[in-house]
Structures are given as structure tokens and as C-alpha cells.
Amino acid sequence: MTESTGGSRDQGRELEKMKGNLIVGQSGGPTAVINSSLAGVIKAARKAGIKRVYGMHYGIEGFLQEDIIDLDEYFTTSHDLSMLKRTPSAFLGTCRYKLPAVEGHEDVYEKIFEILDKYNIEFFLYNGGNDSMDTIKMLSDYAAAHGKKQKFMGIPKTIDNDLPMTDHCPGYGSSAKYIATSMKEIIRDNESYGVSKPTICIVEIMGRHAGWLTATAALSKDVDCSGPDLIYLPEVPFDINSFVDKIRELAKVKKSVVVAVSEGLKTADGKFVCELGTVNDHVDAFGHKQLAGTAAYLANVVTQETGLKSRYIEFSSLQRCAAHLASRTDADEAYNVGFLAAKAAFEGHSGMMIAIEVKSREPYIVEYDMYDIHGIANVERKVPKNWITNGGTFVSDEYLDYVRPLIMGSLQPYTAAGVPIHMTLAKKKKRSSK
Ligand code: F6P
């Protein structure tokens with residue numbers, strides 16, 4: 001499967017025979033380029049002559065309430081799709097919703113297929129991470145077991161970059177670009193004070209159980225920036241005493257110490273570091289705890305133990321909604337996986353996810369493939385141990401070679417009155433008719 005933003009005329013004619021409609025949903029944490037995938041799906045559907053393109057309002061959760069949007073009402077010109085690509089967060093709205101096991105919940109599945117039939121939907125596309133791919137797995141398995149005509153395809157997306165089979169995940173490159181850029185700015189700021197005592201700055205980065213995103217802090221290191229002093233990933237058990245000792249040693253020789261920490265750091269006994277501080281009890285449908293407060297807790301410990309001034313920064317949702325710093329490479333790939341997932345569904349594929357294959361990193365060349373959803377749903381891919389260096393406090397050059405191409409290029413926002421403008425659902429939202 002090669003990259004395609006268009007498809008040949010022959011393919012177009014072949015796909016024109018399609019009778020059924022298409023629905024697309026967004027699921028899990030948003031990204032800066034998730035809507036580029038949506039644009040890719042819409043484009044592929046238009047090219048194939050699909051009659052109606054529907055969107056799930058708030059993913060499968062909204063779909064179960066028959067909360068369905070007719071996307072044809074929103075995207076009438078190519079400028080609309082360009083605007084969509086430049087719009088952060090999930091345009092359709094998202095959810096964290098786990099479909100129950102079929103046994104004992106047949107009514108849920110019957111309802112889903114009833115709605116699909118009601119709207120004559122033949123193609124079901126779902127854009128998300130490893131938890132969201134579970135929805136594709138459950139529905140494609142059910143369809144196969146019950147002789148249903150619908151095709152289900154997964155579109156990869158997650159800033160966490162932890163989906164297996166694909167070289168990397170759409171959304172990751174743009175978050176990486178934001179983090180690399182912000183780290184450079186933070187490090188510069190932290191170095192401002194010359195004569196006073198050193199300042200310790202702890203920066204918390206998302207990624208849950210995988211350190212891919214935290215590792216991107218290393219991209220800030222260059223001739224004009226020393227980069228973070230330490231990087232802590234969740235792949236390595238975290239030792240608070242050793243962490244404080246390292247800060248103490250660095251502060252003897254440096255006036256500025258900047259540390260990147262993953263929100264998902266755990267101590268050797270399996271406790272999240274963020275739970276050692278103020279506890280946030282929220283747990284989502286997949287059993288994931290809300291992780292936040294790691295940097296705040298550690299900054300406090302540093303000051304208590306060393307008497308040094310400390311500050312913490314939590315990138316929080318900024319790192320996944322910064323469309324003004326989106327990577328062009330990432331946006332293009334997000335568009336392509338959306339386009340190709342729809343095209344694969346039209347060709348009869350089901351229960352698969354599109355994956356990115358990097359044929360060469362220098363020059364950067366990608367191709368696309370697809371893999372069985374069973375090896376993907378609910379599986380988390382971690383940072384390889386040999387890419388974690390310095391006793392678990394930095395990342396290797398090999399990792400940097402892996403990530404660098406993903407942040408290349410920019411997708412400039414459209415602006416008005418000095419700020420970016422976005423597509424919105426709210427004002428135009430209309431319930432669809434069949
Ligand atoms: O799934 C991506 C992600 O951004 C994780 O990195 C993070 O832990 C989580 O989502 C946060 O989710 P929410 O916004 O639902 O709290």
C-alpha cells in the first residue's frame with residue numbers, strides 16, 4: 001500500500017460503485033492533527049462517490065445515543081477542509097468509552113447495527129489509540145460472526161505514540177514539535193538569573209505508561225540550547241532519593257537545572273509518583289487513572305530537601321492542542337492514514353488499522369500498510385530499553401534519529417485579528433436526516 005493523497009482515476013471509477021454511506025468517529029485524547037485524518041476520510045469518501053458522510057458526535061458513546069452529524073453540511077469547499085486540518089482538538093467531539101463484551105450485552109451490539117442499517121452505513125471508520133482500536137476489534141468481530149455487511153477500519157492517532165505495528169502515530173510529531181520548542185524557551189528562561197541561587201524547573205509531559213513523548217524533550221538540545229539535564233521515562237522505575245541527589249549535584253555546577261518527567265513515573269513498588277502528592281481519583285472506562293501532579297510533587301520535594309528554588313510546569317493539554325506549531329509531516333501523514341483507511345474499507349477490508357512504515361529516515365520516505373486489529377487493540381508499545389541512556393535519565397542518539405523527521409515542516413494556521421481561526425461544530429450543528 002503506497003502513500004496516496006489522491007488515488008488514481010481508475011480507482012475512483014471503481015469506488016464510485018459504492019452504495020452505502022460512511023461514518024467516522026474520533027476517540028480518546030485529541031491531537032493537533034486529528035482533524036487532518038478526518039479531512040482525509042472526507043476526501044476519500046467524496047472521491048469514491050459515497051452518498052453521505054456522517055460523523056459520530058462524541059465517538060461511539062454519542063453514536064449509541066444516535067447523535068450523528070451530517071458532515072456534508074460542513075464541508076462544501078476545499079477551503080473548509082484546509083480549515084479543518086488547521087483546527088485542533090476533536091472536531092466531532094471524542095469519548096473514552098469501552099464497548100462491553102458481546103456476551104450478556106447483545107442489546108448494545110444489536111442497537112449499533114440497527115443504527116448503522118437505519119442510516120445505510122456500510123463503512124465505519126474510527127480514529128484513536130490502542131483503547132479506541134478495541135472498538136474496531138469488537139465491532140468487526142461481531143460483524144464477521146453475524147454476517148453483517150459493514151466494514152470497520154481503524155485510523156491510528158495518539159500523542160503517546162504507543163500503538164504497535166506502526167512506526168509512529170499521527171499526533172506524536174506535532175506534540176513533539178511543541179515540546180521541543182517549549183523546552184528550548186523554558187530552558188532559556190530558567191537560565192536568566194545569573195547571581196542568585198540555581199533554579200530547578202521540572203516539566204511534566206504526557207504519555208501515560210510510555211515515555212515516547214517525554215523523550216522528545218531531548219530534541220531541544222542544540223548548539224543554542226543545552227537541553228534538559230535529566231529525562232525520566234515511565235519505562236524505568238523512579239527512585240526519588242537518587243533523583244534529589246542528582247539535582248543537588250547539578251545545582252553545585254549549574255545555575256539552571258531543567259528536568260523532563262513523564263506524568264506516568266512509577267516507583268519500584270508500582271506507585272505513580274503523582275499519587276504520592278495530591279491524589280486525583282478519576283479513572284476512565286479503560287481503568288486508566290488521570291495522571292497529573294508529578295512535576296508539582298517533585299518540585300516540592302526538591303525544595304524541601306535542598307532548599308533550592310524550584311518551579312514546575314505541566315504541559316497538560318497544551319501539548320496536544322498546539323495546532324499553531326503543528327508539524328507538516330505529521331499533518332500530512334494524519335491526512336493520508338484517514339484517506340487510506342476509508343479507501344481500504346471501500347475495497348472490502350475490515351478489522352484492520354492503517355500503519356506508517358518508514359522506508360528511509362534520511363531522506364524521509366514513508367509507505368503505508370495495514371495490520372490486523374487483534375494485534376493492536378489494547379496493546380501499548382514502550383520505548384526500547386536500549387534507547388534509554390545515562391542510567392535511565394536520558395535518551396540515545398538513535399532515538400533522536402528516529403524522532404527528528406517527524407517534527408519537520410509547519411502547517412501555518414489561518415488567522416484573524418492576530419489569532420488562529422478554527423472550524424466549529426457548534427453553530428452549524430444540525431441533526432441529520434436519513
Ligand atoms: O491518550 C492520550 C493522553 O493525552 C495521554 O497522554 C494522557 O495521559 C491522557 O490522554 C489524558 O487524558 P484526559 O484528557 O482524558 O485526561
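Residues numbered from 1 in each chain as written. Predicted model: local features only at pLDDT ≥ 70, side-chain atom pairs only at ≥ 80, totals over all residues. Heavy atoms only, no water.

Considerations on the pairing of strand β4 (residues 121-128)
Regular strands place their side chains on alternate faces of the sheet.
Reasoning step 1: Burial runs high along β4: eight of the eight residues are buried.
Reasoning step 2: In this sheet, strand β5 (residues 151-156) lies alongside β4 in parallel orientation, the contact comprising six bridges. Within β5, the position partnered with Phe-124 by the bridge is Phe-152. (Buried < 20%, exposed > 50% of the residue type's maximum accessible area, 1.4 Å probe, protein only. Helix = DSSP H or I, 4+ residues; strand = E, 2+ residues; numbered from the N terminus. Pairing = 2+ DSSP bridges.)

Observations concerning the packing of aromatic side chains
Reasoning step 1: Overall, the coordinates contain 20 aromatic pairs when judged by the stated rule.
Reasoning step 2: Ring centres of Tyr-74 and Phe-75 lie 6.2 Å apart, and the angle between their planes is 45 degrees; this geometry places the pair in the tilted category. Taken as a pair, Tyr-74 and Phe-75 share a single burial class, namely buried.
Reasoning step 3: Taking the centre distance of 5.8 Å and the plane angle of 65 degrees together, the rings of Phe-113 and Phe-152 count as edge-to-face. Within this pair, whereas Phe-113 is found in helix α5 (residues 106-118), its partner Phe-152 is found in strand β5, the two being separated by 39 residues in sequence. Note on accessibility: Phe-113 and Phe-152 belong to one class, buried.
Reasoning step 4: By way of ring pairs, the aromatic residues Phe-63, Tyr-109, Phe-113, Phe-124, Tyr-126, Tyr-142 and Phe-152 are connected into one cluster.
Reasoning step 5: Note that Lys-266 overlies the ring of Phe-272, its terminal NZ or CZ placed 4.7 Å from the centroid.
Reasoning step 6: The lysine or arginine in question, Lys-309, covers the ring of Tyr-193, its NZ or CZ lying 5.3 Å from the ring centre. (Phe/Tyr/Trp six-rings, centres within 6.5 Å; stacked < 30°, edge-to-face > 60°. Lys NZ or Arg CZ within 6 Å of the ring centre and 35° of its normal.)

Nothing here speaks to function; it is all geometry.
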